[in-house]
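# Fold and geometry: a report
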Amino acid sequence: MPSLGRLAALVALSVIPTALAAPAPEAADPCVKIAGKAFAPPADALACMKSFPFNETLRQNVLTVISRVFDFYTFEDYYLDSPPPFQDSTTNIRAQLARINRTHYQTDFDFNKELYDFTTQLNDGHTRWFPDCFTQFQNILPAPVVTLEENGVQGVFVAPDSVEFISLLGSDFTSFFDSINFDWRRLAGARVLAIEGEEPYAYATRIAETQSGNYLDLGVRINSAFSSYRVSGTAFSQRLGDISGPQFPTQNTLTLTLIPVNSTRTETVKVPFLASYLGAPFTNGEEFWNANCAPKSDTNGVDFKSSAQLASLTQKRARKLAKAAIFDHQAKNAVGLPSQFEPTLPPVNGSEGVIKSFILPDKKTGVMFVGSFEPDDFNQFQLDVQATVTQFQQAGVSQLLIDLTNNGGGFVCLGQFLHEFLTGSKSLGNFPNPGFQSTSRANPLAQKIVASDIELGVTSAIAFYPAGNWAFLNNTQRPETDNYNQPATSRRINGQTFVESQRFLDVCPFNVDIPEDPPFDPSKIAIVGNGNCASTCAMFSTLMNERHNTKIAYFGGKPGLQAQFKGMAGNQVLEWSDIDSEIKTANLKDDPLAPPDLQVSGNFRHNWRIAYSFLDEQTPIEYKSELPHFRFAYAAETYNNPQNLWIFAAKQLLG
């Protein structure tokens with residue numbers, strides 16, 4: 001049913017005049033106070049953002065876009081009664097949108113934050129509303145917390161490396177605390193007994209339930225609340241964690257009850273937050289709005305059939321490439337890993353990009369830390385894997401450890417490439433495609449898009465919907481003119497009729513030769529991570545588990561609570577500009593089912609495709625519970641020291 005019928009209160013809007021789209025702050029402009037500052041007290045940052053009054057016209061525009069994009073969302077019907085162990089995500093999406101549509105708000109921030117919180121609490125990193133106007137600040141606590149085992153007991157601590165870590169934010173950050181005589185340095189390594197009066201893991205659970213988002217599994221989200229190492233861009237980095245680095249500057253302090261290092265005395269400390277500004281420069285509220293809130297040239301989609309757009313696509317690569325990745329707001333304010341905790345081993349070939357590879361001191365274990373599947377160069381990623389494996393083999397490496405900690409995903413085909421390269425093409429057997437069976441939601445507008453693309457001659461060179469992107473289940477290429485939505489298939493999910501396309505497979509452009517036989521004994525390959533392995537990362541680890549029974553170990557988390565080894569596992573995400581471009585390229589922007597252009601700067605992304613499990617071909621891997629084979633606590637020696645963790649894991653998993 002069209003979204004307008006499912007949410008009658010939402011109305012289609014025409015283009016909004018600029019003056020109407022930019023609500024003016026009140027006379028006393030609080031944005032002036034923080035203009036030009038990299039850091040500001042949270043109350044001051046919040047006052048600036050709350051200076052823009054609520055605008056009904058903008059609410060209707062945003063909700064109309066979101067409601068109609070939800071028509072493409074693959075998992076909508078699952079949310080009505082989410083299956084265990086994911087039942088904490090259960091919600092009625094349309095009822096929530098209707099509630100937000102009738103709620104009275106004082107400011108534009110209040111409306112957008114509630115919409116942001118609602119989509120975040122779907123716990124699907126592929127399906128979220130990001131209002132650029134109000135996601136330019138990030139709160140930072142100078143006492144990031146971690147979960148560690150000490151003397152055989154797991155607990156929560158202020159990160160022992162917090163002085164070295166937080167100091168990397170620079171003197172503009174640390175001098176604020178000096179100016180208010182707050183000694184944050186003395187808290188490093190303190191045992192935390194309570195956070196905001198709650199048992200620490202209970203508080204982490206509350207943050208996971210309300211703020212973390214991204215991952216369907218609660219256990220994985222709880223692990224996201226704590227600080228941990230990662231690769232950001234092409235460099236080693238450390239996440240603040242969702243407790244210590246929340247998105248919005250709505251909290252001025254965090255109350256910790258703790259016992260400092262070398263003390264036996266319990267203290268209660270109110271630790272101040274400081275908000276980091278990540279947006280464009282401004283001098284007042286009007287400039288803040290124009291720089292961050294007003295729509296930009298790339299906010300909405302384009303018709304890729306136009307000669308200029310076609311030339312731009314052709315310059316980038318031969319065809320569009322599917323992505324599956326989350327947005328981690330903490331990546332925008334990436335803080336490096338203190339250098340003393342970076343690996344001291346020499347990197348092997350192919351370690352210049354998002355993959356960091358090393359040979360451990362035992363000389364038999366190679367490590368590939370795959371920080372992301374979203375490199376700057378799609379082809380170079382494949383060459384890096386080839387170069388790394390070649391050097392491993394030349395050095396006599398006989399076993400492989402793959403670290404996927406905090407890997408947010410990336411190009412779908414690169415996950416499939418790494419899967420096939422490490423296991424060999426022969427291992428795929430009677431299902432020779434290295435990916436999953438997949439479908440998209442065949443709502444009425446999606447069916448019109450595919451039919452129109454065929455009629456207009458739109459191909460996979462410029463759009464995602466054409467069948468040339470896909471293969472039949474026998475792994476032969478679908479022709480561009482194939483209408484895989486006819487006939488569509490349907491089934492009942494939680495009492496609703498879910499209509500989806502015919503099943504298809506990805507067609508991936510690999511630029512290096514795939515070995516027929518695995519470069520390592522499959523029983524000597526193991527994966528480690530903290531469950532914050534999203535999208536393409538989750539698909540890669542699930543492929544390794546379901547098709548090869550690869551050993552997988554999970555580090556961290558809440559004691560006694562099970563956790564999946566994978567985070568968010570949708571098959572492909574489309575950003576708002578992507579789906580808008582698909583509609584415009586199909587000449588369907590004027591269709592009554594089509595969403596209007598956004599009149600603010602923002603992005604409502606959605607999970608566009610399903611990947612079906614090999615263990616149960618009727619169940620999306622998103623809803624297939626798959627637990628790690630091994631579970632370990634972080635220790636003070638491993639939570640921020642990847643090399644120490646790898647040495648420990650290699651002994652435990654590979655011998």
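To be clear, the structure that these remarks concern was listed above.
Attention here is on the structure that accompanies the text. Since the model is a prediction, treat every value here as computed from it, not as a measurement. (Residues numbered from 1 in each chain as written. Predicted model: local features only at pLDDT ≥ 70, side-chain atom pairs only at ≥ 80, totals over all residues. Heavy atoms only, no water.)

## Re the sheet that holds strand S13 (residues 335-336)
Reading across the sheet, the three strands line up as S7-S8-S13 and stay open at both edges, with antiparallel pairing between neighbours. A single partner strand is all that each edge strand has here, and the edge strands are strand S7 (228-232) and S13. Inspection of the sheet shows strand S8 (residues 235-239) paired to S13 by two bridges, in the antiparallel sense. Each residue of the ladder has a partner; that of serine 237, found in S13, is glycine 336. (Pairing = 2+ DSSP bridges. Helix = DSSP H or I, 4+ residues; strand = E, 2+ residues; numbered from the N terminus.)

## Some remarks on the packing of aromatic side chains
Inspection of every chain in the model, using the stated rule, returns 51 aromatic pairs. Relative to phenylalanine 134, the ring of phenylalanine 109 has its centre 5.6 Å away and its plane inclined at 80°; by these criteria the two rings are edge-to-face. Within this pair, whereas phenylalanine 109 is found in helix H7 (residues 108-120), its partner phenylalanine 134 is found in the loop between strand S2 (128-131) and strand S3 (137-140), the two being separated by 25 residues in sequence. In terms of burial, phenylalanine 109 and phenylalanine 134 fall into one category: buried. Among the aromatic residues, those joined into a ring-pair cluster are Phe70, Tyr73, Phe75, Tyr78, Tyr79, Phe86, Phe118, Phe604 and Tyr623. For arginine 605, the ring lying beneath its charged end belongs to phenylalanine 327, and the centroid distance is 4.0 Å. (Phe/Tyr/Trp six-rings, centres within 6.5 Å; stacked < 30°, edge-to-face > 60°. Buried < 20%, exposed > 50% of the residue type's maximum accessible area, 1.4 Å probe, protein only. Lys NZ or Arg CZ within 6 Å of the ring centre and 35° of its normal.)

## Regarding helix H15 (residues 412-423)
Its twelve residues give H15 an end-to-end C-alpha distance of 17 Å, which sits within 8% of 16 Å, the value for a rise of 1.5 Å per residue. The element H15 is largely enclosed, with a buried count of twelve among its twelve residues. Within the sequence span of H15, burial applies to Val412, Cys413, Leu414, Gly415, Gln416, Phe417, Leu418, His419, Glu420, Phe421, Leu422 and Thr423. Glycine 424 occupies a position one or two residues after H15 and carries a positive phi of about 85°. (Expected span 1.5 Å × (residues − 1).)

## Remarks on the pairing of strand S6 (residues 191-195)
In this sheet, S6 lies alongside strand S5 (residues 153-158) in antiparallel orientation, the contact comprising two bridges. In the sheet register, valine 156 faces S6, and the bridge partner there is valine 192.

## Some details on the pattern of salt bridges
For side chains bearing opposite charge, pairing can occur when the charged atoms are close. Summed over all chains, the structure comprises 29 salt bridges. A salt bridge links arginine 94 to glutamate 76; the shortest N-O distance between them is 2.8 Å. Pair noted here: arginine 94 is in helix H6 (residues 93-102) and glutamate 76 is in the loop between helix H5 (56-70) and H6, with a separation of 18 residues, a long-range link. Each member of the pair, arginine 94 together with glutamate 76, is buried. Several salt bridges share partner residues, and in doing so they unite Asp71, Glu76, Arg94 and Arg441 into one network. (Salt bridge = Lys/Arg side-chain N within 4 Å of Asp/Glu carboxyl O.)

## Some remarks on the state of the cysteines
The tally for this structure, following the rule as stated, stands at four disulfides. Note on cysteine connectivity: cysteine 133 is disulfide-linked to cysteine 293, with sulfurs 1.9 Å apart. Between cysteine 133 and cysteine 293, the S-S dihedral sits near 60°, and the bridge is therefore right-handed. Taken as a pair, cysteine 133 in the loop between S2 and S3 and cysteine 293 in helix H12 (residues 285-293) lie far apart in primary sequence, 160 residues in all. The residues cysteine 133 and cysteine 293 share a single accessibility class, namely buried. Note on cysteine connectivity: cysteine 533 is disulfide-linked to cysteine 537, with sulfurs 2.0 Å apart. With the S-S dihedral at roughly -105°, the linkage between cysteine 533 and cysteine 537 falls on the left-handed side. The two residues cysteine 533 and cysteine 537 agree in class, both being buried. Counting only the cysteines that take part in disulfides, in the order they occur along the protein, gives the pairing 1-2, 3-4, 5-6, 7-8. (Disulfide = S-S within 2.5 Å.)

## Notes on the nonpolar core
Within the largest apolar cluster, 79 residues are counted, with the highest numbers of intra-cluster contacts made by Phe70, Leu115, Phe288 and Tyr465. Broken down by element, the residue count for this core peaks at seven residues, all from H5. Contact partners of leucine 115, with chain neighbours within four places excluded, come to Val62, Leu63, Ile66, Leu97, Ile100 and Trp129. In terms of nonpolar packing, the next biggest core, distinct from the first, is built from 37 residues, Val158, Val192, Leu256 and Val269 among them. (Core = buried A, V, L, I, M, F, W, Y, C linked by side-chain atoms within 4.5 Å. Contact = heavy atoms within 4.5 Å.)

## Regarding the side chain of asparagine 530
One can find asparagine 530 in the loop between strand S23 (525-529) and helix H17 (536-548). Using a relative accessible area of 2% as the deciding quantity, one classes asparagine 530 as buried. Here asparagine 406 takes part through its side chain, which lies 3.2 Å from a polar atom of the side chain of asparagine 530. (Polar contact = N/O pair within 3.5 Å; in protein donor to acceptor, adjacent residues only side chain to side chain.)

## Overview of empty space enclosed by the protein
Under the criterion given, the structure shown has six cavities of 30 Å³ or more. In this structure, the largest cavity spans a volume of roughly 80 Å³. Lining the largest cavity, in full, are Leu404, Ile527, Val528, Gly529, Asn530, Gly531, Cys533, Ser541, Ile552, Ala553, Tyr554 and Phe565. Elements supplying a minimum of two residues to the lining of the largest cavity: S23 and strand S24 (551-555). Grouping the amino acids of the lining of the largest cavity by side-chain chemistry returns eight nonpolar, four polar and no charged. (1 Å grid on protein atoms, 1.4 Å probe; cavity = no way out; pocket = protein on both sides within 12 Å on 5 of 7 lines; lining within 4 Å. Points joined across faces, edges and corners; volume = space filled by probe spheres on them. Nonpolar A, V, L, I, M, F, W, Y, C, P; charged D, E, K, R; others polar.)

## With respect to the sheet that holds S5
Taken in spatial order, the five strands of this open sheet run S4-S5-S6-S9-S10, and their pairing is antiparallel. Across the chains shown, the open sheet's two edge strands, defined by having one partner strand only, are strand S4 (145-150) and strand S10 (267-272). Taken over all neighbouring pairs, the strand axes of this sheet differ in orientation by 50° on average, direction set aside. Relative to S5, S4 runs antiparallel, the two being bridged by six bridges. Counterpart to valine 146 in the pairing with S5 is phenylalanine 157. Across the face of the sheet, helix H10 (residues 200-212) comes into contact with S4, S5, S6 and strand S9 (253-259) while running at roughly 55° to S6. (Axes fitted to C-alpha atoms, helices over the stretch in contact; angles between N-to-C directions.)

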